[in-house]
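# Structural characterization, general
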Amino acid sequence: VIDQETNGGDLVSDAIYASVEDCDVAFINAGSIRSNLAPGAITRGMILKMLPYENRLCSVKISGANLQKLFDIIARSYPNHLGNLLHPSGLRYIVKKGVKATDIQVMNRYKNCYEPIHPDQLYTVVSTEFNLRDKTYEDVFLKNSGITEYKTLYSEALINYIEQILHGKIGVQYSRPQHRIIFRD
């Protein structure tokens, strides 16, 4: 499913978020996820079927203004974004279809609550190299302070997250989307 938030997108973005310690926001594009996982026991083969690409994790520091610009690109292209819908972790937003993103909020890990983005604040964004080098978002990522590349594949991040954080099983928190993206006309 490439035109709405999915539980698989939430799971993968949470795995990416958990894999980089100083991450403020993580995301994965819908087109990078090829199947879904049901709650319960998971095999490595199931994960590799879900995430078949050799996408390595990368990070970049961008301003809150550029976060706004990024999610405005998503909103303006909805519903014709062709797999570029970004499933976030550490962030939630509202899409005014065809117009702009509103109410973008970033999780404050210290206070454990969402707060509005600040245009001048720098945020560490983690995703895959494919996403951060995508021409669709060139003005947001490639014209910034540079991309830091990690050796971890996004499939490995998910395997580690399931094994270490979820203790080998996907729980009910991932049985349906978590409403990190809300669509409005």
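Here's a quick rundown of the structure. This one's a predicted model, so the numbers in the text were calculated from it and none came from an experiment.

### A few points about the nonpolar core
Soluble globular proteins: nonpolar side chains tend toward being buried together. In terms of nonpolar packing, the biggest core is built from 29 residues, with Leu67, Leu70, Phe71, Leu91, Tyr93, Val125 and Phe141 touching the most fellow members. For Phe71, the residues in contact, after removing those within four places along its chain, are Leu86, Leu91, Tyr93, Ala101 and Ile104. Core analysis: the next-biggest nonpolar cluster, separate from the first, contains 27 residues, Tyr17, Ala26, Met50 and Leu57 among them.

### Some words on helix α6 (residues 154–165)
For α6, built from twelve residues, the straight-helix expectation of 16 Å at 1.5 Å per residue is met to within 8% by its first-to-last C-alpha distance of 16 Å. The set of residues buried in α6 consists of Tyr154, Ser155, Ala157, Leu158, Ile159, Tyr161 and Ile162. Trailing α6 by a residue or two, His167 shows a phi angle of about 55 degrees, which is positive.

### Here's the deal with the sheet that holds strand β5 (residues 91–96)
The sheet built from four strands is open, its strands ordered β7-β6-β5-β11 with mixed pairing. Of all the strands in the sheet, just β7 (113–116) and β11 (181–184) have a single pairing partner and so form its edges. Along the sheet, successive strands turn relative to each other by an average axial angle of 20 degrees, direction set aside. Taken together, the five bridges between β5 and strand β6 (residues 100–108) define a ladder with antiparallel strand orientation. Paired with Ile94 across the bridge in β6 is Thr102. In the packing of helix α3 (residues 64–77) onto the sheet, contacts are made with β5 and β6, and the angle to β6 comes to roughly 135 degrees.

### What to know about the sheet that holds strand β8 (residues 122–128)
Read across the sheet, five strands follow the order β4-β1-β8-β3-β9 without closing on themselves; strand pairing throughout is mixed. Every interior strand has two partners, whereas the edge strands, β4 (86–89) and β9 (148–153), have only one. Neighbouring strand axes in the sheet, compared pairwise and without regard to direction, differ in orientation by 30 degrees on average. Strand direction decides the pairing type here: strand β1 (residues 25–29) and β8, joined by two bridges, are parallel. Bridge assignment links Val25 to a residue of β8, and that residue is Val125. Here α3 sits on the sheet in contact with β1, β3 (56–63), β4 and β8, set at roughly 115 degrees to β3. On top of the sheet, α6 reaches β1, β3, β8 and β9; it is set at about 60 degrees to β9, its chief contact.

### Regarding the environment of Ala101
Turning to its location among the elements, Ala101 is positioned in strand β6. Residue Ala101 is classed as buried on the basis of its relative accessible area of 1%. Taking the C-alpha atoms as reference points, Ala101 and Leu57, 44 residues apart in sequence, are found 25 Å from one another. Among all residues touching Ala101, those that are not within four sequence positions of it are Gln68, Phe71, Asp72, Ala75, Tyr93 and Ile94.

### Section: α3
Counted at 1.5 Å a residue, the expected span for α3 with its 14 residues is 20 Å, and the 20 Å between its end C-alpha atoms agrees. Inspection of α3 places Gly64, Asn66, Leu67, Leu70, Phe71, Asp72, Ile73, Ile74 and Ala75 among the buried residues, and these make up the whole buried set.

How each quantity is defined
Residues numbered from 1 in each chain as written. Predicted model: local features only at pLDDT ≥ 70, side-chain atom pairs only at ≥ 80, totals over all residues. Heavy atoms only, no water. Core = buried A, V, L, I, M, F, W, Y, C linked by side-chain atoms within 4.5 Å. Buried < 20%, exposed > 50% of the residue type's maximum accessible area, 1.4 Å probe, protein only. Contact = heavy atoms within 4.5 Å. Helix = DSSP H or I, 4+ residues; strand = E, 2+ residues; numbered from the N terminus. Expected span 1.5 Å × (residues − 1). Pairing = 2+ DSSP bridges. Axes fitted to C-alpha atoms, helices over the stretch in contact; angles between N-to-C directions.

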